[in-house]
Amino acid sequence: MRVRPVSVRVRPAARAPLAVRTAGRLAGVVALVALAAGCGIRTTSVPVDAGPAPSRMPCEIAGKDVITQSESGVPVRVYLVCASGLASVERAAGTPAGGSAGDRLGAAQALLDELQAEPSTAEREAGFTTSVRGPLVVSAAHAGDPAGSLRLSRQPEDLPAAALAQIVCTFAEGVATDGRVALGGPGSYATRTYGCDQDTKRRPDADLPTLAPGTGTAP
């Protein structure tokens, strides 16, 4: 007698219900968290603030002592804001109308004009900005002011701290003979004497201390 082969169809096992699969995945996650805790790794559910990223601005214009303007003029050095501090750049400043290169008041206005000008493309790419906003002009001392004083069209104390620091540091090197700058406003208030030191250059947003007249120390 011949035996006919019998074919048997095996049905694949049914997939576990969704709830069971989800529970399995959650169990795996819990196990990984426990393993991480055992290895000394702390978990967190909120972003961690690691502080501000370090500045990558070079604060340097294609090398040292590079004049950033192509127009002709008198070589000057002005202080701009870069990487939260002050850094100097070389420029070719024009002579203001009615002034001359050898005129102290004219030189001060030329420097002030440079501080109010928008930084050049090269300066912006290097990270330089300016806090000095115009219109701002400088005038001669009033009667009774200390010798060498300069008057601004706005009260110095009303300027942003960084703007005043830029002006003082620029004037201290450009028009002052002793590194001190006596500045006043358009009114009758007395002038104040300022100096530019390394702390001023590092923290131009801090209040600029005044100096005792004729000295290099704070009163």
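Computed from a prediction, not measured in an experiment: that's the story for all the values here.

## Overview of the environment of C59
Checked against the element boundaries, C59 lands in the loop between helix 1 (18-38) and strand 1 (74-82). Between the C-alpha atom of C59 and that of R124, which follows or precedes it by 65 residues, the distance is 9.3 Å. If we ignore the near neighbours within four places in the chain, the residues touching C59 are C82, A83, A126 and F128.

## Considerations on helix 4 (residues 161-174)
End to end, helix 4 covers 20 Å across 14 residues, agreeing with the expected 20 Å (1.5 Å per residue, within 8%). Where burial is concerned, most of helix 4 is hidden: eleven out of the 14 residues are buried. Listing the buried residues of helix 4 in full gives A162, A163, L164, A165, Q166, I167, V168, C169, T170, F171 and A172.

## Structural notes on the pairing of strand 5 (residues 180-184)
Counting buried residues in strand 5 gives four out of five residues, a clear majority hidden from the surface. Bridging between strand 4 (residues 150-152) and strand 5 involves two bridges; their strand directions are parallel. For L150, the partnering residue across the bridge sits in strand 5 and is L183. Remark: the strand 4/helix 4/strand 5 crossover connection has right-handed handedness. Across four bridges, the pairing between strand 5 and strand 6 (residues 192-195) is antiparallel. The residue bridging V181 from the neighbouring strand is Y194, located in strand 6.

## Some remarks on the sheet that holds strand 6
Remark on secondary structure: sheet strands pair via backbone hydrogen bonds, oriented parallel or antiparallel. Overall, mixed pairing links the five strands, which are arranged 3-4-5-6-7 in an open sheet. Either end of the sheet is taken by a strand with one partner, and the two such strands are strand 3 (138-139) and strand 7 (210-211). Relative to strand 5, helix 4 is tilted by about 130°, and along the sheet it contacts strand 4, strand 5 and strand 6.

## Here we look at the confidence of the model for the protein chain
For the protein chain, per-residue confidence averages 76 on the pLDDT scale, and residues scoring 70 or more make up 62% of the total. The element-level mean pLDDT for the protein chain is lowest in helix 1, coming to 44, with strand 4 highest at 97. Here residues 18-23 scores under 50 on pLDDT; set against residues more than four positions off or in separate chains, the count is two contacts. Overall, residues 26-55 carries pLDDT values under 50, and its contacts beyond four positions in sequence, including any with other chains, amount to two contacts.

## A few points about the pairing of strand 2 (residues 85-93)
Across a regular strand the side chains alternate sides, sitting on one face of the sheet and then on the other. Counting buried positions over the nine residues of strand 2 gives eight, a clear majority of the element. Across nine bridges, strand 1 lies against strand 2 in antiparallel orientation. Across the sheet, the residue bridging to C82 is G85, located in strand 2. Linking two consecutive strands that pair antiparallel, namely strand 1 and strand 2, is a turn of two residues; a positive phi of about 55° is found at A83 within it.

## Focus: the state of the cysteines
What the rule picks out here adds up to two disulfides. Sulfur-sulfur distance for the disulfide between C59 and C82 comes to 2.1 Å. Because the torsion about its S-S bond is -90°, the bridge between C59 and C82 counts as left-handed. In this pair, C59 sits in the loop between helix 1 and strand 1 while C82 sits in strand 1, placing the two residues 23 residues apart along the sequence. Between the sulfur of C169 and that of C196 lies a disulfide, 2.0 Å long from S to S. Looking down the S-S bond of the C169 and C196 bridge, the torsion is 85°, so its handedness is right-handed. Within this pair, whereas C169 is found in helix 4, its partner C196 is found in the loop between strand 6 and helix 5 (198-202), the two being separated by 27 residues in sequence. Under the relative-accessibility criterion, C196 is labelled partly exposed at 23%. Sequence-ordered numbering of the bonded cysteines in the protein chain gives a pairing of 1-2, 3-4.

About the criteria used
- Residues numbered from 1 in each chain as written.
- Predicted model: local features only at pLDDT ≥ 70, side-chain atom pairs only at ≥ 80, totals over all residues.
- Heavy atoms only, no water.
- Helix = DSSP H or I, 4+ residues; strand = E, 2+ residues; numbered from the N terminus.
- Contact = heavy atoms within 4.5 Å.
- Expected span 1.5 Å × (residues − 1).
- Buried < 20%, exposed > 50% of the residue type's maximum accessible area, 1.4 Å probe, protein only.
- Pairing = 2+ DSSP bridges.
- Right-handed = clockwise from strand over helix to strand, strands pointing away.
- Axes fitted to C-alpha atoms, helices over the stretch in contact; angles between N-to-C directions.
- pLDDT = per-residue confidence, 0-100.
- Disulfide = S-S within 2.5 Å.

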